[in-house]
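Breakdown of the fold
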Amino acid sequence: MEDMKDIQWFPGHMAKTRRQIAKSLSLVDAVAELLDARLPVSSRNPELKQLTGRKPRLIILNKADMADPNVTGQWVQYYKQQGFAVITVDSKNGKGVKQFAPALRELLKPQLEKYAAKGMKGRPIRVMILGIPNVGKSSLINRLAGGKRAKAEDRAGVTRTQQWIKTTDGVELLDTPGVLWPKLDDQDAAVRLAMTGAVRDDILDKEALAARLLTYLHTGYPQALSDRYKIAADVEEEGFVLLEHMARNRGMLLPGGVPNTERAAIALLDEFRAAKLGRISLEKP
């Protein structure tokens, strides 16, 4: 099987987004960075550290309900050791969202005490919220705001301009367009993002992507493959051969009994993204 072609994209609004972030930093007290709990490294923009300078940072591990809870616990400790405040949430059902304001108040305690000393107690906390497309930013903002304030779609890059949004907890959010780096140099990170649907499927070889995912699952989560696709844990094959196994076991056959690997690939990616294989993390600290 050929390797996947390099995934590259150069969103035209990236340079504009960078300028907006730099220009707006002076307006906010902190930066909240939203990551996908299943792949907290690949879903981080490597440029953000430089862009946001020394602003206090809250890391939000979203989609935590879809990630391996043991691995997520390791990530929480990892980021806390780096000096970040960290919360885990599931923005779709609202789980963990109530931690947002208290975590910010704890993170900004010295600053808030200074405001209070100047007679500015009760002043809203202003936060810039950043995240790559499809990480659940709009869903989180809508939860925090207690209603549909941000346009939420399961499609990369829907937010196009900045907007201020008031939450129900005395926090004002500055929403920004989804931030992606201009070129994904780390191809492994690009592939992991593609597995979760953060990259548009129409630019991918779905069978190659599914084969990579099956190889990873066979090593890291063999029980999930055994339970869902009857692929035994002791099978020694990997990649495309596993995809053929899956197609046969699911009865996805072309005339002459040939495994329909394209159909199997689409099914695997859909079911993985819908968490039907269980709670799976694609990266560990």
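I will try to describe carefully the structure that is included in this document. Bear in mind the structure is a predicted one, so any value in this text is a computation, not a measurement.

Here we come to the sheet that holds strand 3 (residues 85-88). Neighbouring strands of a sheet are bound in pairs by backbone hydrogen bonds; such pairs are parallel or else antiparallel. Across the sheet, which stays open at both edges, the 6 strands sit in the order 3-2-1-4-6-5 with mixed pairing between neighbours. Two strands in the sheet have a free side with no partner beyond their single neighbour: strand 3 and strand 5 (163-166). Between one strand axis and the next, the sheet turns through 25 degrees on average, direction left out of account. By the bridge criterion, 5 bridges tie strand 1 (residues 30-36) to strand 4 (residues 125-131) in an arrangement that is parallel. Across the sheet, the residue bridging to leucine 34 is glycine 131, located in strand 4. Along the sheet, helix 4 (residues 100-107) contacts strand 1, strand 2 (57-62), strand 3, strand 4 and strand 6 (171-175); its crossing angle with strand 2, the most-contacted strand, is approximately 155 degrees. Strand contacts of helix 6 (residues 137-145): strand 1, strand 2, strand 4, strand 5 and strand 6, with the helix running at about 155 degrees to strand 4, the strand carrying the most contacts.

Take the pattern of salt bridges next. Per the counting criterion, the structure on display carries 10 salt bridges. Of the charged contacts, one joins arginine 126 and glutamate 172 as a salt bridge, the two residues approaching to 3.0 Å between their closest N and O atoms. Of this pair, arginine 126 sits in strand 4 while glutamate 172 is found in strand 6, placing the two residues 46 residues apart along the sequence. With a relative accessible area of 25%, arginine 126 lands in the partly exposed category. A network of salt bridges, in which partner residues are shared, links Glu33, Arg44 and Arg57.

Attention shifts here to the packing of aromatic side chains. All chains considered together, the criterion is met by 5 aromatic pairs. Between tryptophan 75 and tyrosine 79, the aromatic rings sit 5.9 Å apart at their centres with planes inclined by 25 degrees, giving stacked as the arrangement. Of the two residues, tryptophan 75 and tyrosine 79 both sit in helix 3 (residues 69-81), 4 residues apart, roughly one turn of that helix. Tyrosine 79 matches tryptophan 75 in its accessibility class, with the two residues each being buried. An aromatic cluster is present here, built from Trp75, Tyr78, Tyr79 and Phe84 joined pairwise through their rings. Its end group placed over the ring of tyrosine 115, arginine 123 keeps NZ or CZ at 4.2 Å from the ring centre.

Right, let's talk about unusual backbone geometry for a bit. Most peptide bonds adopt trans geometry, and most residues besides glycine take a negative phi value. Phi at lysine 230 takes a positive value of approximately 60 degrees, unusual for a residue other than glycine. When you line up the elements, lysine 230 lands in the loop between helix 9 (222-229) and helix 10 (240-249). Among the residues examined, lysine 230 registers a relative accessible area of 61% and is labelled exposed. Positive phi, normally seen in glycine, also occurs at alanine 275, with a value near 60 degrees. Looking at the element boundaries, alanine 275 is found in the segment after helix 11 (261-273).

Basis of the calculations
Residues numbered from 1 in each chain as written. Predicted model: local features only at pLDDT ≥ 70, side-chain atom pairs only at ≥ 80, totals over all residues. Heavy atoms only, no water. Pairing = 2+ DSSP bridges. Helix = DSSP H or I, 4+ residues; strand = E, 2+ residues; numbered from the N terminus. Axes fitted to C-alpha atoms, helices over the stretch in contact; angles between N-to-C directions. Contact = heavy atoms within 4.5 Å. Salt bridge = Lys/Arg side-chain N within 4 Å of Asp/Glu carboxyl O. Buried < 20%, exposed > 50% of the residue type's maximum accessible area, 1.4 Å probe, protein only. Phe/Tyr/Trp six-rings, centres within 6.5 Å; stacked < 30°, edge-to-face > 60°. Lys NZ or Arg CZ within 6 Å of the ring centre and 35° of its normal.

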